[in-house]
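Observations on the three-dimensional arrangement
Each chain, letter by letter, is given below.
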Amino acid sequence: MNENIASNHNVFDPEAISLQNPSSIIYVLSRTDNSSISKIGSTEVSAQSRAQNYTDGDWSVFSEIEVPSVVKFSVERFAQRILKSGGYWLDPKISGGTATEVFLCEAKIAMDAVQ
């Protein structure tokens, strides 16, 4: 393999990934009426927009981080799996909904799973 090609195309370089791909936002929302309910999601728009437009809009942005779009779903799903395995998952059947990204935990715990 040509060494110049290999050294110039390091696909694992985070800077190279972020320069080649648009960014997305991974966010943690918290219920304004119950701080023990959190949501982890991703968007290309803004966390504030998601907070206002998700279900009844009664959510506030706890935290958001920018990530390359190419990894947004991996980061989001991994954090959700951490919380689900920790027993924080709110089964949507309980509330008659379908959302699988809502958790029974403080937003800080949800953000710890993201990071």
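For every chain, the first residue of the written sequence is number 1, and numbering continues from 1 along that sequence. In keeping with the model being predicted, local features are shown solely for residues with a pLDDT of at least 70 and side-chain atom pairs are shown and tallied solely at 80 or more, while totals for entire chains, interfaces and linings include all residues. Computation of side-chain values: all heavy atoms of the structure, hydrogens and water removed.

Here we take up the overall build of the protein. Helix and strand assignments come from DSSP, with helices taken as H or I runs of at least 4 residues and strands as E runs of at least 2, each series counted from the N terminus. Helices and strands together make up the secondary structure of the protein, namely six helices and four strands. For the protein, the α and β elements follow one another from N to C terminus as α-α-β-β-α-β-α-α-β-α. For this analysis, residues touch if any pair of their heavy atoms sits within 4.5 Å. Long-range pairs, those at least 24 residues apart, make up 62% of the contacts in the protein between residues at least 6 apart in sequence.

Take the nonpolar core next. Side-chain atoms within 4.5 Å are what join buried Ala, Val, Leu, Ile, Met, Phe, Trp, Tyr and Cys residues into a set we call a nonpolar core. Only protein chains enter the accessibility calculation, which uses a 1.4 Å probe. A residue is then buried if its area is under 20% of the maximum for its type, exposed if over 50%, and partly exposed in between. In this structure, Val28, Ile40, Ala79, Leu83, Cys105, Ala110 and Val114 are the most contacted members of the largest nonpolar core, which totals 13 residues. Those elements that place two or more of their residues in this core are β1 (23–31), α4 (72–85) and α6 (107–114). Per-element accounting of this core gives the leading share, five residues, to α6. What Val28 contacts, discounting residues up to four positions off in sequence, is Ser38, Lys39, Ile40, Ser60, Val61, Phe62, Ser63, Ala107, Ala110, Met111 and Val114. Counting ten residues, the second largest nonpolar core, distinct from the first, contains Ile25, Leu29, Ala51 and Leu90.

As for its placement among the helices and strands, Ala79 is situated in helix α4. Among the residues examined, Ala79 registers a relative accessible area of 0% and is labelled buried. Put simply, Ala79 and Asp112 are 33 residues apart on the chain and 8.4 Å apart in space, counted from C-alpha to C-alpha. Contact partners of Ala79, with chain neighbours within four places excluded, come to Ile40, Ala113 and Val114.

Next up on the list: the side chain of Ser38. If you trace the backbone, Ser38 turns up in strand β2 (residues 38–43). Taking the relative accessible area as the measure of exposure, Ser38 reaches 0% and is therefore buried. Polar contacts involving the side chain of Ser38 include one to the main-chain amide nitrogen of Ala107, which spans 3.2 Å. Not counting residues within four places of it along the chain, the set of residues in contact with Ser38 comprises Val28, Leu29, Trp59, Glu101, Val102, Phe103, Cys105, Glu106, Ala107 and Ala110. N or O atoms within 3.5 Å of each other form a polar contact, as long as, within protein, one can give a hydrogen and the other can take it, and as long as residues adjacent in sequence are counted only when both atoms are side-chain atoms.

Any carboxyl oxygen of Asp or Glu that lies within 4 Å of a side-chain nitrogen of Lys or Arg is treated as forming a salt bridge with it. A full pass over the atoms with the stated rule returns seven salt bridges. Across the pair Glu76 and Arg77 runs a salt bridge, and its minimum N-O distance is 3.5 Å. For Arg77, a relative accessible area of 41% puts it in the partly exposed group. Several salt bridges converge on common partners, so that one network encompasses Arg31, Asp33, Asp56 and Asp58.

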